[in-house]
Amino acid sequence: MRMKILVTGGAGFIGSNFVRHIYRERPDWHITVIDALTYAGSEHNLDGLDKERLAFVKGNICDEELIDQLVGENDAVVHFAAESHNDNSLHTPWPFVETNVVGTFRILEAVRKHQKRLHHISTDEVYGDLELDDPNKFSETTSYNPSSPYSSTKAGSDMLVRAWVRSFGVQATISNCSNNYGPYQHVEKFIPRQVTEVLEGRRPKLYGSGENVRDWIHTEDHSSAVLAILEKGTIGETYMIGANGEKNNKEVVELILEIMGKDKTDYEHVNDRPGHDLRYAIDATKIRNELGWLPKYTDFKTGLTDTITWYRDNEAWWKPQKAETEAKYKELGR
Ligand code: NAD
Ligand code: TDX
C-alpha cells in the first residue's frame, strides 16, 4: 500500500536515519518530516533525498494548528521528536516537559481527531535502572521508574499514549528502545563525544567509575524494528527494541581508543552525572517472536569502527557543534 507518512523529529539522529531507511525500503511511500530544527536537528541530515518523495516542514510539534493540518494530510505518524539528552534535562528541564509531554499531547489530539495510525518512539530509560548482577532485563511488563527529567517526561508521554488508546480508541503502538549508535548522532552523546575528543587530540571522558552499562543497538536495527511495528504491530501494544548489546562505558571507551590506534588507558574520569542510571538491559523476545524482527548489526566492534569512520570523514558535519557542546560540559565539570 502506498503510504503517506509523517515523521516528527526526522531531522535528528534516529529520525533522519529512519527516514533514510524507509526511503530505501519503501520506495512508493511519501514522507513528510516536521522538525523544529533545535540545536539537535539539521535539514542537512536529509541531504540527497529526492524532494518529490520527501517534504520538509520546519515547525514545532506543540503548534496545534500545524500538527492538526499535517496529521490530517497523512496516513500515519511516527513520532521521534523530543528533547533527548539527559545532561541537558538536569540543567534545564522545561523544554523536556514542553516538547516531550505537551508535544506528544498535541500529536495524540490530532491523531484522535483524524483517526490516524500513530507509532510513538520511547526509551528503555522509562524503567529506571538495574543492578549490575540482576538476571532480569527490562520487558514490556516492567514497572515505570524513571530517574531524570528526560526519562520522566518520556514516561509521561508513554502514559498519555496508553490513555489515549484505552479511553479514545487511538490506533497507536509504542516502542522502548535501548541506546542507539551510528552516523548523525549529536556530539553531546557518549560515543560521538569520545570519538570527536580523540579526533581533536583530547582524551575521552568517563563519568564516574565507568562501570555503568548501556545496551547498544545500531540505529539501522532500531529503524527496521520500528518499520516492523508500524506495519505488523498490534494496536495498543508496547514493544521493547534491543539487540543484546550490553557493554560498560569503560569497555566502550577502551574499544574506541583501540580502534583509533591509541593507548587503551588514555582516558580521564570526570564528574559523575547526578542520579546516573547504573544499567539498562532489554529483553526483546516479544518483537522477535511476534513480529519476526531480528537485528542485523550485532557485531559491535564492526558497527563502532564504521561509526568512527563516519565521524572521521564528516568533520564538517560535527565541527560546528563541538566547541559549544564542550563549553557546556566544562561548566558542569564533565
Ligand atoms: P535528537 O535529539 O538527535 O533528535 C531530536 C529531533 O527532534 C531533532 O531534530 C530536534 O530538532 C527535534 N525536535 C526537538 N523538539 C522539537 C519540537 N518541539 N518540535 C519539533 N521537533 C523537535 O534525538 P534522537 O537521539 O534522535 O532521539 C529521537 C527519539 O528517540 C526521541 O524520542 C528519544 O527519546 C528516542 N530514543 C533515543 C535513543 C537514543 O539512544 N538516542 C534511544 C531510545 C529512544
Ligand atoms: O562524556 C560522557 N561520558 C560518559 O561516561 C557522556 C556524554 C556520557 N557518559 C556516560 C553516561 C551514560 O552512562 O555514557 C552513557 C551514555 O550516555 P548518553 O550518550 O548521554 O546516553 P544515555 O544517558 O544512556 O541516554 C541515551 O540512551 C537512551 C539517549 O541519550 C537517550 O535519548 C535515550 O533515550
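Structural data are supplied above this passage.
Here's what I pulled together on the structure shown here. (Residues numbered from 1 in each chain as written. Chains lettered and ligands numbered in written order. Predicted model: local features only at pLDDT ≥ 70, side-chain atom pairs only at ≥ 80, totals over all residues. Heavy atoms only, no water.)

### Notes on the overall build of the chain
At step 1: Check the secondary structure of the chain and you find 11 helices and 13 strands.
At step 2: Principal axes of the C-alpha set define a box for the chain whose edges measure 55 × 45 × 40 Å.
At step 3: A sequence separation of at least 24 residues applies to 82% of the contacts in the chain between residues at least 6 apart.
At step 4: Surface summary for the chain: the accessible area is close to 14200 Å², and the carbon and sulfur share equals 47%.
At step 5: Positive and negative side-chain charges of the chain, numbering 40 and 52 respectively, have mean locations separated by a distance of 2 Å. (Helix = DSSP H or I, 4+ residues; strand = E, 2+ residues; numbered from the N terminus. Contact = heavy atoms within 4.5 Å. Areas by Shrake-Rupley, 256 points an atom, 1.4 Å probe, with all protein chains shown as cover. Lys, Arg positive; Asp, Glu negative; His and termini not counted. Charge placed at Lys NZ, Arg CZ, Asp CG, Glu CD.)

### Some remarks on the site of ligand 1
At step 1: Every one of the 28 residues lining ligand 1 counts as a neighbour, but Ile14, Asp35, Ser84, Tyr150 and Lys154 are closest to it.
At step 2: In the model, an oxygen atom of ligand 1 is placed 2.7 Å from a nitrogen or oxygen of the Ser84 side chain.
At step 3: At 2.6 Å, a side-chain N or O of Tyr150 approaches an oxygen atom of ligand 1.
At step 4: In isolation ligand 1 exposes 830 Å². Once the protein is present, 96% of that is buried.
At step 5: Of all the secondary structure elements, the ones that give two or more residues to the shell around ligand 1 are α1 (13–25), β5 (117–123) and α5 (149–168).
At step 6: When residues of the shell around ligand 1 are assigned to their parent elements, the largest contribution, three residues, is made by β5.
At step 7: Here the residues of the shell around ligand 1 sort into 13 nonpolar, 13 polar and two charged. (Near = heavy atom within 4 Å. Polar contact = N/O pair within 3.5 Å; in protein donor to acceptor, adjacent residues only side chain to side chain. Nonpolar A, V, L, I, M, F, W, Y, C, P; charged D, E, K, R; others polar.)

### Brief notes about the pairing of strand β6 (residues 172–177)
At step 1: Counted residue by residue, β6 has six buried out of six residues, so it is predominantly covered.
At step 2: Of the two faces of β6, the one carrying Ala172, Ile174 and Asn176 and the one carrying Thr173, Ser175 and Cys177 are both buried.
At step 3: Relative to β6, β5 runs parallel, the two being bridged by six bridges. Paired with Ile121 across the bridge in β6 is Ser175.
At step 4: Regarding the hand of the β-α-β motif, the stretch spanning β5, α5 and β6 is right-handed. (Buried < 20%, exposed > 50% of the residue type's maximum accessible area, 1.4 Å probe, protein only. Pairing = 2+ DSSP bridges. Right-handed = clockwise from strand over helix to strand, strands pointing away.)

### Comments concerning the packing of aromatic side chains
At step 1: Enumeration according to the criterion identifies 15 aromatic pairs in this entry.
At step 2: Consider the rings of Tyr127 and Phe138, whose centres lie 5.3 Å apart with planes at 35°: the pair is tilted. One end of the pair, Tyr127, is in the loop between β5 and α5; the other, Phe138, is in the loop between β5 and α5, with 11 residues separating them in the sequence. The same class applies to Tyr127 and to Phe138, which are both buried.
At step 3: Between Tyr184 and Trp310, the aromatic rings sit 4.8 Å apart at their centres with planes inclined by 50°, giving tilted as the arrangement. With Tyr184 in the loop between β7 (180–181) and α6 (190–199) and Trp310 in helix α10 (residues 300–313), the pair connects residues that are 126 residues apart, well separated along the chain.
At step 4: Judged by relative accessible area, which is 15%, Trp310 ranks as buried.
At step 5: Cluster of aromatic residues (ring-pair linked, three or more members): Tyr127, Phe138, Tyr144 and Tyr280. (Phe/Tyr/Trp six-rings, centres within 6.5 Å; stacked < 30°, edge-to-face > 60°.)

### Examining the sheet that holds strand β3 (residues 54–58)
At step 1: The strand order across the open sheet formed by seven strands is β3-β2-β1-β4-β5-β6-β11, and the pairing between neighbours is parallel. One side of each edge strand has no neighbouring strand; the edge strands of this open sheet are β3 and β11 (238–241). Adjacent strand axes in the sheet meet at a mean angle of 20°, parallel and antiparallel pairs treated alike.
At step 2: Against the sheet, helix α2 (residues 64–73) contacts β1 (4–8), β2 (30–35), β3 and β4 (76–79), and its axis sits at roughly 170° relative to β2.
At step 3: Across the sheet, helix α7 (residues 219–232) lies against β1, β4, β5, β6 and β11, angled at about 145° from β5, the strand it touches most. (Axes fitted to C-alpha atoms, helices over the stretch in contact; angles between N-to-C directions.)

### Overview of the site of ligand 2
At step 1: Around ligand 2, a shell composed of 22 residues is seen, among which Glu125, Tyr150, Arg214, Arg273 and His276 lie nearest.
At step 2: In this structure, Phe190 approaches ligand 2 through a main-chain N or O atom, which is 2.9 Å from an oxygen atom.
At step 3: In the model, an oxygen atom of ligand 2 is placed 2.6 Å from a nitrogen or oxygen of the Arg273 side chain.
At step 4: Considering ligand 2 on its own, with 660 Å² of exposed area, one finds that the protein chains cover 94% of that surface.
At step 5: Looking at side-chain class alone, the shell around ligand 2 contains six nonpolar, nine polar and seven charged residues.

### Details of the pattern of salt bridges
At step 1: Following the criterion strictly, the structure yields 22 salt bridges and no others.
At step 2: Its salt-bridge partner being Lys205, residue Glu197 comes within 2.7 Å of it at the nearest N-O pair.
At step 3: Relative accessible area serves as the criterion here: at 12%, Lys205 is assigned to the buried category.
At step 4: Put simply, Arg193, Glu197, Glu200, Arg202, Lys205, Lys319, Lys322 and Glu326 are held in one network by salt bridges that share partners. (Salt bridge = Lys/Arg side-chain N within 4 Å of Asp/Glu carboxyl O.)

### Brief notes about the packing of α10 against helix α11 (residues 315–332)
At step 1: Running from N to C, α10 and α11 point in directions that differ by 80°, and their axes come no closer than 6 Å. Considered as vectors, α10 and α11 are oriented roughly perpendicular to each other. Packed against α10, whose contacting residues are Trp310, Tyr311, Arg312 and Asp313, the element α11 presents Glu315, Trp317 and Trp318 at the interface.
At step 2: The residue makeup of the contact of α10 with α11, split by class, is four nonpolar, no polar and three charged. (Parallel < 35°, antiparallel > 145°, perpendicular 65-115°, else oblique.)

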